[in-house]
Each structure stands twice: as C-alpha cells, then as structure tokens.
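The residues making up each chain are set out below.
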Amino acid sequence: MAVRRRQRRGPGGGRALLAAVLLCVWWRAAGERLRYAIPEELGRGSLVGPLARDLGLSADELPARKLRLSEEKQYFTVNEENGNLYVNERLDREEMCGESASCSVSFEALVHNPLNIFHIEVSIEDVNDNSPAFRKEALDLEIGELIPPGARFPLETARDADVGSNSLLTYHLTSNPSFILALNENPGGSKQPELVLERALDREKQSSLELVLMAVDGGDPPRSGTVQVRINVTDANDNPPVFSKRVYETRVAENLPVGSLVLQVVATDADAGSNGRVSYSFGNVPEDVHLLFTVDSNTGEVRTAGLLDFEDKSKYVFSLEGRDGGGLSSHCEVHIEITDENDNAPEINILSLSSPVPEDAPVGTVVALLKVVDRDSGENGQVSCELSGEAALSMVASSGGSYKVVTASALDREQAWEQRVTVVARDRGRPSLWSSRELVLEVSDVNDNAPVFEEAAYSAYVAENNAAGALVLRVQARDADAGANGRVSYWLAGGSAGAAGAAPLVSVEARSGALYAQRSFDYEQCREFAVAVRAQDGGAPARSSTATVRVFVLDRNDNAPRVLWPAAGAAAGEAAGGATSPFEVVPRSAEAGYLVAKVVAVDADAGRNAWLSYELVQASEPALFRVGLHSGEVRTARAVSERDAAKQRVVAVVKDHGQPALSATATLHVVLAESLQEALPELSERPASAEAAAAAAAELQFYLVLALALLSALLVLSVALAVVARLRRAGPPAVLRCLGAQRFSLAGAAFPADFCEGTLPYSYNLCVPPPARAVPEAAWPPPPPPVPAVPVLSAEELLGRDSCEKPSPSSNVVVGEPPADAGALQVCKS
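Starting afresh in each chain, residues are numbered from 1 along the sequence in its written order. Per-residue local features are limited, in this predicted model, to residues with pLDDT of at least 70; the limit for side-chain atom pairs, both in listing and counting, is 80 or more; totals at the level of whole chains, interfaces and linings are taken over all residues. Note that the side-chain values use all heavy atoms of the structure and ignore hydrogens as well as water.

Topic: the overall build of the protein
Looking only at helices and strands, the protein has twelve helices and 52 strands in total. Only protein chains enter the accessibility calculation, which uses a 1.4 Å probe; a residue whose area is less than 20% of its type maximum is buried, one above 50% is exposed, and one in between is partly exposed. Per-residue burial for the protein yields a buried fraction of 40% across its 830 residues. Residues count as neighbours in contact if any of their non-hydrogen atoms are within 4.5 Å of one another. Across the protein, contacts joining residues at least 24 apart in sequence account for 67% of those joining residues at least 6 apart. Labels follow the DSSP assignment, with helices taken as runs of H or I lasting at least four residues and strands as runs of E lasting at least two, numbered in each case from the N terminus.

A few points about the packing of aromatic side chains
The way to describe two aromatic rings as a pair is by their centre distance and the angle between their planes. Ring pairs are drawn from Phe, Tyr and Trp, using the six-membered ring of Trp, whenever the two centres fall within 6.5 Å, and their geometry is named by plane angle: stacked under 30 degrees, edge-to-face over 60, tilted for the rest. This structure, assessed with the given rule, holds ten aromatic pairs. Plain terms: the ring middles of Tyr461 and Phe552 are 5.2 Å apart, the flat faces sit at 20° to each other, and that makes the pair stacked. With a gap of 91 residues between them, Tyr461 in strand β34 (residues 457-463) and Phe552 in strand β41 (residues 544-554) connect regions that are remote in the sequence. Take Tyr461: its relative accessible area is 56%, and that puts it in the exposed class.

What to know about the sheet that holds strand β10 (residues 152-154)
Think of it this way: DSSP has to see at least two bridges between two strands before they count as a pair. The strand order across the open sheet built from three strands is β10-β13-β12, with neighbouring strands paired in antiparallel fashion. One side of each edge strand has no neighbouring strand; the edge strands of this open sheet are β10 and β12 (179-185). Ignoring which end each strand starts from, the neighbouring axes of this sheet average 35° apart. As defined by bridge partners, β10 adjoins strand β13 (residues 191-197) across three bridges and the pair is classed as antiparallel. Considered in β13, the bridge of Arg152 is made with Val196. For helices, the axis comes from a line fit to the C-alpha atoms of the stretch in contact; other axes are also lines fit to C-alpha atoms, and the angle between any two N-to-C directions lies between 0 and 180 degrees.

Points about the pattern of salt bridges
Any Lys or Arg side-chain nitrogen located within 4 Å of an Asp or Glu carboxyl oxygen qualifies as a salt bridge. As enumerated under the stated definition, the model contains 19 salt bridges in all. Linking Arg478 and Glu454 is a salt bridge whose minimum nitrogen-to-oxygen distance equals 3.5 Å. Within this pair, whereas Arg478 is found in strand β36 (residues 477-478), its partner Glu454 is found in the loop between β33 (452-453) and β34, the two being separated by 24 residues in sequence. Overall, the relative accessible area of 47% leaves Glu454 in the partly exposed class. Linking Arg635 and Glu633 is a salt bridge whose minimum nitrogen-to-oxygen distance equals 2.9 Å.

A word on the state of the cysteines
Any two cysteine sulfur atoms within 2.5 Å of one another count as a disulfide. Counted under the stated rule, the structure contains one disulfide. Residue pairing for Cys97: its cysteine sulfur links by disulfide to Cys103, the two sulfurs lying 1.8 Å apart. Linking Cys97 and Cys103, the disulfide has an S-S dihedral of approximately 60° and is accordingly described as right-handed. With relative accessibility at 22%, the residue Cys97 sits in the partly exposed group. Cys103 sits in the buried class, given a relative accessible area of 2%.

Section: the sheet that holds strand β18 (residues 261-264)
Strands in a sheet are paired, the pairing made by backbone hydrogen bonds, and the direction either parallel or antiparallel. Ordered by their spatial adjacency, three strands build an open sheet running β18-β22-β21, and the pairing between neighbours is antiparallel. Of all strands in the sheet, those bounded by a partner on one side alone are β18 and β21 (293-295). The mean inter-strand angle of the sheet, taken between neighbouring strand axes irrespective of direction, is 20°. Relative to strand β22 (residues 301-304), β21 runs antiparallel, the two being bridged by three bridges. Residue pairing in the sheet places Phe293 in a bridge with Thr304 of β22.

Things to note about the side chain of Asn342
On the secondary structure map, Asn342 appears in the loop between β24 (329-339) and β25 (347-353). Take Asn342: its relative accessible area is 14%, and that puts it in the buried class. Side-chain polar atoms of Asn342 contact the side chain of Asp427, separated by 3.4 Å. As used in this structure description, the phrase polar contact means that two N or O atoms lie within 3.5 Å; if the pair is within protein, one of them must be able to donate a hydrogen and the other to accept it, and residues adjacent in sequence are counted only when both atoms belong to side chains. There is a polar contact of 2.8 Å between the side chain of Asn342 and the backbone oxygen of Pro431.

Remarks on the confidence of the model for the protein
Do not read the predicted coordinates in detail wherever pLDDT is low. The predictor reports its confidence for every residue as pLDDT, a score running from 0 up to 100. Considering every residue of the protein, the mean pLDDT works out to 78; 78% of them sit at 70 or more. Here residues 1-31 is modelled with pLDDT under 50, and outside its nearest four sequence neighbours on either side it reaches 47 contacts, counting other chains as well. Note that residues 734-830 has pLDDT below 50 and, in this model, 129 contacts with residues that lie over four places away or in other chains.

Points about the environment of Val475
By the secondary structure assignment, Val475 is in the loop between β35 (471-474) and β36. When its relative accessible area of 1% is taken as the criterion, Val475 is described as buried. For the pair Val475 and Glu455, spaced 20 residues apart in sequence, the C-alpha separation works out to 8.4 Å. Dropping the residues within four chain positions of it, Val475 is found in contact with Phe453, Tyr458, Tyr490, Ser512, Gly513, Leu515, Val533 and Val549.

Considering unusual backbone geometry
With an omega of 0°, the peptide bond between Ala540 and Pro541 qualifies as cis. Here Pro541 lies in the loop between β40 (528-537) and β41. Of note, the amide linkage connecting Trp565 to Pro566 takes the cis form, showing an omega dihedral of 0°. Summarising the element assignment, Pro566 is placed in the loop between β42 (562-565) and α7 (569-576). Despite not being glycine, Glu41 shows a phi value in the positive range, around 65°.

Structural notes on a nonpolar patch on the surface
Together, Leu564, Trp565, Val600 and Val602 give the surface a local cluster of nonpolar side chains, amounting to about 290 Å² of exposed area. Here Val602 shows up in strand β45 (residues 600-602). Two distance rules govern patches: like charges are joined within 9 Å, and nonpolar side chains (Val, Leu, Ile, Met, Phe, Trp, Tyr) within 5 Å, applied only to residues with over 30% relative accessible area and no salt bridge. Using a 1.4 Å probe, the Shrake-Rupley method yields the accessible areas, and only the shown protein chains count as cover for residues.

Digging into the environment of Asp220
You can see Asp220 is positioned in the loop between β14 (208-216) and β15 (224-234). Sequence separation between Asp220 and Val127 is 93 residues, and the spatial gap between their C-alpha atoms is 8.9 Å.

A closer look at the pairing of strand β48 (residues 633-636)
Alternating residues of β48 divide into Val634 and Thr636, all buried, and Glu633 and Arg635, none buried. Taken together, the three bridges between strand β44 (residues 595-598) and β48 define a ladder with antiparallel strand orientation. Opposite Leu595, over in β48, you have Arg635 as the bridge partner. Pairing analysis gives three bridges linking strand β47 (residues 625-627) to β48, with the strands arranged antiparallel. Across the sheet, the residue bridging to Phe625 is Thr636, located in β48. Where β47 folds back onto β48 in an antiparallel hairpin, the turn is made up of five residues, including Gly632, whose phi is positive at roughly 80°.

Quick look at the structure:
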C-alpha cells in the first residue's frame, strides 16, 4: 500500500500586505508538494493515493476542475470519477534510477477553473526483485603447489541490481578441507570474497578442485546466486600482482571524444617470466561500463569507448583485475566522476494552453502554463524565460521552473484575431544556450460590435405603376464580429407617420437587405414615404442598428385629363336623343371673340404630365369657333351670320404633355338664338322615321309572341287549331287584311305606334314613353300642354271584320308626362 506524506512550506513572514488574492492562492498552491511512496513492480491499476482528497477537491468538483497530470511519460494516471492516483505501467526501479540510492518520479497536477498547479513526488522504494549475479559462469584459478597455507586468492564479486539492504551481499563456499572463505570489506562497504588456502596442495595427489561460491543478498526473503570455482594446481607462482593503489579516482568532463585517456592503473608482480607478466581486464561491472570504457590489457590504460553524458550518470565505479601468467590475480576499484558541461539547451514544455480565449477576458487571465527544464546542473541549468513579440501577453514566473502566460492588456479580436508570441528560454552557462517555442493563442469572438450601415439614411426613387415585387433598394450593414455574431439580418422597424400604411408598402429580405415593393405604387395617392430598417446580428444578446430609407415615388403619365365642364354625360345624352345634353346659347349678333364657354379639365398627374393644352378637333362650322390653347376658352372666331345653322356641335380635345400624351374630348352644344325662348323649338325637334319605327315594332312584336308561345304551348296549340278551323270557314286569313292596313299613326314624334296581331283572340297595344330629358331644370321652359289622346284602330276595325273587336277605352294611349319608369315598355291588353 502506498505511503503518503504531505509537506508544506510557508510563504515566509515577509509577504507583502498589498499582494493580490490571486497571487496568494498561487503562492500557497506552489508551496505545497505531495509526496507518496510505493514499492516498485506494482501492477497497473494499483492505488498510489487519494490525490483529489489530498488536494482538497471533492468528488463533485472533479468534472469542473479537470484534474490531470502533466508528466511527459505517463507512469501514473488519475481516475476522473474519484480523483485517486493509480499506477499506469509497471515501475522498475533499477531501470528508472539505476544504482541511485533514492528514486522518485516528480510531476505536476493541473486543475482548472481557476488554473493551478501542484507538485507531486512519488518515491519508488526498492524491493528485492534481483538476485546476485556473477559475470562469469565459472572462475578459473591456478594455484601452485608450493604456495604455503594461508595464501589468499581474491575471487570475483557478484553484482546485485537492487539498492540498500537488498544489495548487501554475503558469500558462502562449499565445504572443502583445503580452502576456506574469507571476506574483506572494501572502502565502499562492499565485501570482497577471498579464497584462503588451509593446507598445502599436492598436484600429484589432486591436480584440480571444483568449489561452489554462493552470494546471498540482504533482502527478505533473500536471493542468491552461485558461480563455480575451478582450481588448477600448478607449479609454484607464489607472488600475485599488486596494484599501486586500491582505489583510483579521476574527474573528467562530459562529451570527451571517443578514445580519450581517462586514467591508467599499474600492478606489479614480483615473479619472473610469465608469472610476473600482468594483464588487465574488467571485473564484474555493469553493461554500461563496457559500453563507455575500455581497458588496455597490457598497459592498464582506461579510455572512453562512448560519449559520456553527465545528465545520464555523473559517476562510474567499477573494478579492474590484474592477473599474472601464473593465474594469480588482484583487484582495484576505479572511481570516475563526470563534470557537467553546458551542452543542453533549455526545453520548453507547454503544460496547458487555453486557446481560444474570449476577447473580453479580463487582464491577468492565465492563458498558458509552461515548464522550462534544463538538464544541466549549476549555473548551466539556471534558466530565465521571456516573451518576444508585440502581443497583449506577459509572463509570470512560478515555482519549479513553471511559468504562467497571462493577458497584459485587453484583447480585441477585430484588431488581432490571434496572439502570436515566441517564448525564449536562456540558461546562464558559458557560452549561454537558448531555445524558443512559438505560442499561438487564438482570440475568440464576443458580440461587442453592432452592425453599421454604409449610410445613415438611404434615398430610393421608384416610378409609379411598378410591378409588385420589384427591387426598390438594397441596404447593407457590416458587423466586425465573426461567425453568428457577424451574421446580419434585416427587419423593418417601422415607417414615418406621414406615410399611412408605409410598412406594408415594402418588404425587406432578411439576408440580403434588399427592399422589394409589396404592391404597385400610385404617385397620386402616395408621393413619398419612409421606413426604418433594422440590422441585427446573430449574437446573444443580439446587437442592432437602424437606418432610414426614404422612398420617392416618381410620376408617370398614367392619368388622362378629366373634363369637368361640359359634363362627361353630354355625349351620351346626345347619342340617346340629342336633347338631353347641355347647351350654350350664343346670340346671332355675337362678334368675333365672343366667349361661348370654357372647357374645364384637370389631370391627376404632376409636372409635365399635368400640363394641359386644348385644341378644336370637330365643329359643325369649323371656322366659327376657336379654342384657347392653354385656357380652354371657346370663343367665336368670326361674327355669327344668318347662314349659320341654329344648332352647332363643337368637339375639343384636351391633351397632357406626357410621353406618350393622353387626351380626353369635350363636346359642347351651341344654339344660335337671341333668347332661350327662341332656342326651345330647335331643341324640341326630333326626326321621326316611319320605317325605323315599323321595324322596331315588328321586332318587338315577334319577341313578345314567341315568349307567349313558349310559356303557353298547350294554349297556343288549341288556339291555333281553332283559328285554322275558323279560317277555313271565313275565307282568306284575317291576318293578311290586318297587315295590309295602316299599322301606325303619325300623331307626332312623341307618340308610339299601336300594333294589333289578328291571329290571337285578343290584341296588344305597345305604349312607348318619350325619352327622358336630361337637360337641367333651369335650362328648359315648362313642358307644352298635353296632346289629346287619339285612338289607334286595328286592321280588323278598318276592314269591318269581326276578327278584331272595337277597341276598348283601355286600348287608347295617352301621351303626356313620362311615366315613373321612363325606360320601361308598357303592354296594354285590350
């Protein structure tokens, strides 16, 4: 189970009283370091500790605070639900820290809202998971038979990758009457096994011996490793090699070229010949020593075989063996300390980047969290960090090589949609090394700009009689914001009070700002109107602005002149009877220039379209009258003579000046008479045409008979049979006698004809009232006395036949005052 320790460091008694609350919170967070201790080789998912609880975060806060780790290699992970820290992969202390006495992993825990950083350190405790191991499978010794008892023969030491008590080794030797095992303690605390000769060897009795050397570590439970010791009994070689020093120490700089001399060891042997010739080799050393160093077997020179890196390892300790030709050997320790060089530039790591950041973020908002690391030590590893580039950002130093990038001034996306700065980190080495990393911060839009119209007021000119849906004007507003905040829609905000119903006259397209006419405009009804167009963006809350659009309707020549005098019904009245139209009385003594009348006309259009001119187009006596071009006054062009007809008809045309020009006609009836009484006979004359009356009466009679026949089919059939029978007895048809007689009476123009059809048992008299007079009451004298009623006889009465009976009093037609319905036809049954 993980062991948790929490250590706090106070900010010091000299804290400034005016420090901001944000800096106080940051100082407290930066001064806390959580420490956990776990054994190595824990399985994935093993609990390290309740990280969220130790940071003072509850389970409800975890989703909003977004707790996460910033370590480059994810040895650990945080559960998002409970905030516990778990092992993410197998941890091998020996692989991570090598022979270092302490091993720990440091990383930062980041929390957001607000952004803060906590330093976490997890100590990896060693477990006894490595057994002692010898470099060789067997140790070969050659011992001369003349060597006296008590001689010591150093043996190769075993190596245990663990640390602490787990790496403390003890040695055991299998029982043998000739040798015992002795342990000598080295300066570093390790034990050196030595084989001690208990009694003299006799090569002739036993030329070789095989022993087993066992190395046991101090773990619980202990682990062990063995190696076979093979002893070859030789002739006398009684002096082993002797090194000049038991420990050789040196200090070299990192990054030495390959092949550079590090140090030289020297061992001497008092023997002669091959027994006194010493060769050098590595003892039981780690693999990295073989990769980085070489030893010359003849000279004992130790040289570099690879590049030394202080950041990987700052000190190497290993043993060298000197062996003579007789098989005797001795060992020494070599301590090589690596000094640091400024060979590592600072590394800039972006732990957190809040991009995009809203443009309304307050000054001092943390937008990025950086960590700068320099693997060098001392001054070579001391780093200063700064921002280069013109941007509204600044950098604030934190603890543990961390830096916060905060906003130094207000952001404006419309001026700069992104903030681009370069982070420059520089160490204090000589020469100084530096590195840089570009930081790009996108600024997100906030709806802080209202739409702006290109013009505050617009004017549009539209000719009247336009088509519904015609384009009137296109307004445009621009919004400096982006996305939905800059998407402009257009609406009608209202119209001017002077233009009643102005809003329905036009409509605006929401996206394009185009104003369209809702219906055809009429200059005579509305000459101008104003509407307010509102431009609104899509932000929340939305912003808007308003522009006024004034629409001027242009006149077209779409109205013909309208004649006010003489009245428009004059021509119709003349066509109906000629006597109902208004007239002017001109004395026959009138001289040239006499004012007959004035044609009064108006035009609803404006401008040139309403300029009127008058022209005489028709007259009974063209030379008698003239019309004023602009006044419309009808005057006599010459003096009236006796030869001029009493009734004159003058037609004037009124034209406007439009393109094309429109016109109207005015008909004026003039009576040449000295007085009104003299003009009345002329007005009462009405031509009568006997042929026309007979034709009209015959046609009317035909339709009446046909209608009666269709409605009374049975009656007509029976009557027809009776008539046929009577005609056979009476001779020629009575209808022929009726048709041969006089069919109408010429009692005057005001009397209608009376008809009789002899084929029916009864006759019909058609009564047609005289036409109504439309002349104003003041212009006419009292009507003449009524004409006495005159009976109209049928053809049967004239022929003395019985087929047509004597007319009854009801068959007489009296013509006097017109009936109430002057236009009706009256059928009188006799």
